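# Reading the structure
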Amino acid sequence: MKKRISHKLVSILLVAALAVLSLAGCASSETDSDGDEESATETVSEENVTLRIAAQPYPLYSSIWVAYELGYLDEELSAVGVEYTWTEFQSGPLVNEAVAAGEADLGYMADLPAIIAKSSGQEIEIVSNVAYGEKGLAVLVTPDSDITSVADLEGKKIAYATGSYAQHLLALLLDQEGLSLDDVESINLGAGDQPAALTSGEVDAIVIWEQYISKMTTEGTAVVLADGTGIKRGNMVTYAVADYAEEHPEAIEAYIRALDRAGEYIESNPTEAAEAIADDFGIDAELMETIFGSFTFTTDLTQEDIDEITAVKDFSLEAGIISNDVDIDAFINTDYLDAVE
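The present account deals with the structure reproduced in this document. Computed from a prediction, not measured in an experiment: that's the story for all the values here.

## Let's talk about the nonpolar core
- Core analysis: the largest hydrophobic core is formed by 117 residues, its most contacted members being Tyr61, Leu73, Trp86, Tyr108, Leu153, Trp209 and Tyr255.
- The dominant element in this core, judged by the number of residues it contributes, is helix α11 (residues 249-268), at nine residues.

## A word on helix α13 (residues 285-292)
- Within the span of α13, buried status applies to Leu287, Met288, Ile291 and Phe292. For α13, the buried positions fall inside an angular range of 155° around the axis, keeping them on one side. Turned more than 90 degrees away from the buried face of α13 sit Glu286 and Thr290, all of them exposed.
- Where α13 is buried, its residues contact α3 (62-69), α9 (212-219), α11, α12 (270-277) and β14 (296-297).
- Where α13 begins, the side chain of Asp284 points an oxygen toward the backbone nitrogen of Glu286, at a separation of 3.2 Å.

## Here's the deal with the packing of aromatic side chains
- Counted by the stated rule, this structure contains 10 aromatic pairs.
- Plain terms: the ring middles of Tyr61 and Tyr108 are 4.8 Å apart, the flat faces sit at 55° to each other, and that makes the pair tilted. Linking Tyr61 in the loop between β4 (49-55) and α3 with Tyr108 in strand β6 (residues 106-110), this pair joins segments that are 47 residues apart in sequence.
- Of the residues examined, Tyr108 reaches a relative accessible area of 0% and is grouped as buried.

## A word on the sheet that holds strand β11 (residues 205-209)
- Spatially, β10-β9-β11-β8-β12 is the arrangement adopted by the five strands of the open sheet, whose pairing is mixed. With partners counted over all chains shown, the strands left at the sheet margins are β10 (185-188) and β12 (223-227), one partner each. Each strand of the sheet is rotated relative to its neighbour by a mean of 30°, with strand direction disregarded.
- Pairing between strand β9 (residues 157-160) and β10: four bridges, direction parallel. Its bridge partner lying in β10, Ala159 is registered against Ile187.

## A closer look at helix α6 (residues 111-119)
- Of all nine residues in α6, seven are buried; the element is thus mostly enclosed.
- All buried positions along α6 are accounted for by Asp111, Leu112, Pro113, Ala114, Ile115, Ala117 and Ser119.
- Positive phi appears at Gly121, one or two residues downstream of α6, with a value of about 110°.

## What about the side chain of Glu210?
- One can find Glu210 in the loop between β11 and α9.
- Buried and unpaired, Glu210 has Lys135 as its nearest opposite-charge partner, separated by 9.7 Å.
- Reaching out from Glu210, the side chain makes a polar contact with the side chain of Ser214 at a distance of 2.8 Å.
- The residues contacting Glu210, other than those within four sequence positions of it, are Tyr58, Pro59, Leu60, Lys135, Gly136, Ile291, Ser294 and Phe295.

## Regarding the environment of Thr218
- Looking at the secondary structure, you find Thr218 in helix α9.
- One polar contact links the side chain of Thr218 to the main-chain carbonyl oxygen of Ser214, over a distance of 2.6 Å.

## Focus: the pattern of salt bridges
- Throughout the structure, instances matching the rule amount to 10 salt bridges.
- Among the ionic pairs, Glu75 bridges to Arg261, the shortest N-O distance being 2.9 Å. A residue pair is termed long-range when its members are at least 10 positions apart, and Glu75 in helix α4 (residues 72-79) and Arg261 in helix α11 qualify at 186 residues.
- Notably, a salt bridge pairs Lys135 with Asp227, separated by 3.5 Å at the nearest N-O pair. Taken together, the residues span a long stretch of sequence, with Lys135 in the loop between β7 (124-132) and β8 (137-141) and Asp227 in strand β12 at a distance of 92 residues.
- Of the residues examined, Lys135 reaches a relative accessible area of 46% and is grouped as partly exposed.
- Through salt bridges with shared partners, a single ionic network connects Glu75, Glu76, Arg257 and Arg261.

## Remarks on a negative patch on the surface
- A contiguous patch of negative charge, built from Glu272, Glu275, Asp284, Glu286 and Glu289, is present on the exposed surface.
- Mapped onto the elements of the fold, Glu275 is located in helix α12.
- Since its relative accessible area comes to 53%, Glu275 is described here as exposed.

## As for the side chain of Asp111
- Tracing the backbone through its elements, the reader meets Asp111 in helix α6.
- One polar contact links Asp111 to Lys232, side chain to side chain, over a distance of 3.1 Å.
- In contact with Asp111, not counting residues within four places along its chain, are Tyr165, Lys232, Asn235 and Val312.

## Notes on the environment of Asn235
- Looking at where Asn235 falls in the secondary structure, it is placed in strand β13 (residues 235-241).
- Sequence-wise, Asn235 and Glu134 are 101 residues apart; in three dimensions their C-alpha atoms are separated by 8.7 Å.
- With residues up to four places along the chain from it excluded, the contact list for Asn235 reads Met109, Ala110, Asp111, Asn129, Ala131, Tyr132, Asp305 and Glu308.
- At a separation of 3.5 Å, a polar atom in the side chain of Asn235 contacts the side chain of Asn129.

Conventions used here
- Residues numbered from 1 in each chain as written.
- Predicted model: local features only at pLDDT ≥ 70, side-chain atom pairs only at ≥ 80, totals over all residues.
- Heavy atoms only, no water.
- Core = buried A, V, L, I, M, F, W, Y, C linked by side-chain atoms within 4.5 Å.
- Buried < 20%, exposed > 50% of the residue type's maximum accessible area, 1.4 Å probe, protein only.
- Helix = DSSP H or I, 4+ residues; strand = E, 2+ residues; numbered from the N terminus.
- Arc of directions from axis to C-beta.
- Contact = heavy atoms within 4.5 Å.
- Polar contact = N/O pair within 3.5 Å; in protein donor to acceptor, adjacent residues only side chain to side chain.
- Phe/Tyr/Trp six-rings, centres within 6.5 Å; stacked < 30°, edge-to-face > 60°.
- Pairing = 2+ DSSP bridges.
- Axes fitted to C-alpha atoms, helices over the stretch in contact; angles between N-to-C directions.
- Lys, Arg positive; Asp, Glu negative; His and termini not counted.
- Salt bridge = Lys/Arg side-chain N within 4 Å of Asp/Glu carboxyl O.
- Patch = residues over 30% accessible without salt bridge, like charges linked within 9 Å, V, L, I, M, F, W, Y side chains within 5 Å.
- Areas by Shrake-Rupley, 256 points an atom, 1.4 Å probe, with all protein chains shown as cover.
- Charge placed at Lys NZ, Arg CZ, Asp CG, Glu CD.

Right under this line is the structure:
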């Protein structure tokens, strides 16, 4: 697991400045109930807030990465006196594990893993959208494969990250053909391991997201058998630990403002935005800019988004992907979005 801690210089300077001002405005130190002196610096330090962000290095979340690389997260969080840490994981299910273990306050992921986390009993709530895009997720096969339709997947070895939204797309596609996940041999593989498994013949197909779709099809090592067009909106969302969000709404709202700025920057300056984050995903800027075209980056949670997330939950419950129902009205909290507006 790769870990990167954000730059905190601005936040440190802010704390130092507040400490100096507090000391300057007091003729003497404060005294606590036991008669011990307590410095103003210690008081400010105790009030510090840190937002622990569980990140994923994929273009599905480009607006968050632009906010990270261009300093929008630093600026917006520092403006409300909040520091943050940035830890990277390779899938939504791994983010769920970190949050469940108390190691993160906020994570972003596709719809299904967020629903799985809530269904398992985690005290979390969706606080914003990140993006949506039907072509951002696809089933890939090799160019010389004898698999030419979804129906041909019956009995084949298919790799995907169990618990990811790739599993949901595959289930939807198979359902259209009168099949289910029981009719294929599922291989649980992370996105980073799937391309090699496909090209080596270890598996017959993979269900994977960007950057891998564009990279493999451009290189000629894979072709798209089917994507989410007309079947899966492909919502990426941000969820926060409910208690943390309630105690520190300013942190959640600052995060949303940073994403809004980044989404606007991608729309108005796609070339520059691509150059800022392409290296994070191991692709060139030209391909990164092309990938932007597959997504709409927005924090808004419209009724269409809520209906889609509800449909994902319903299908997952019926298919046995989750065992406990989720109250979507309680799960999605738009109060922080409303406060930013």
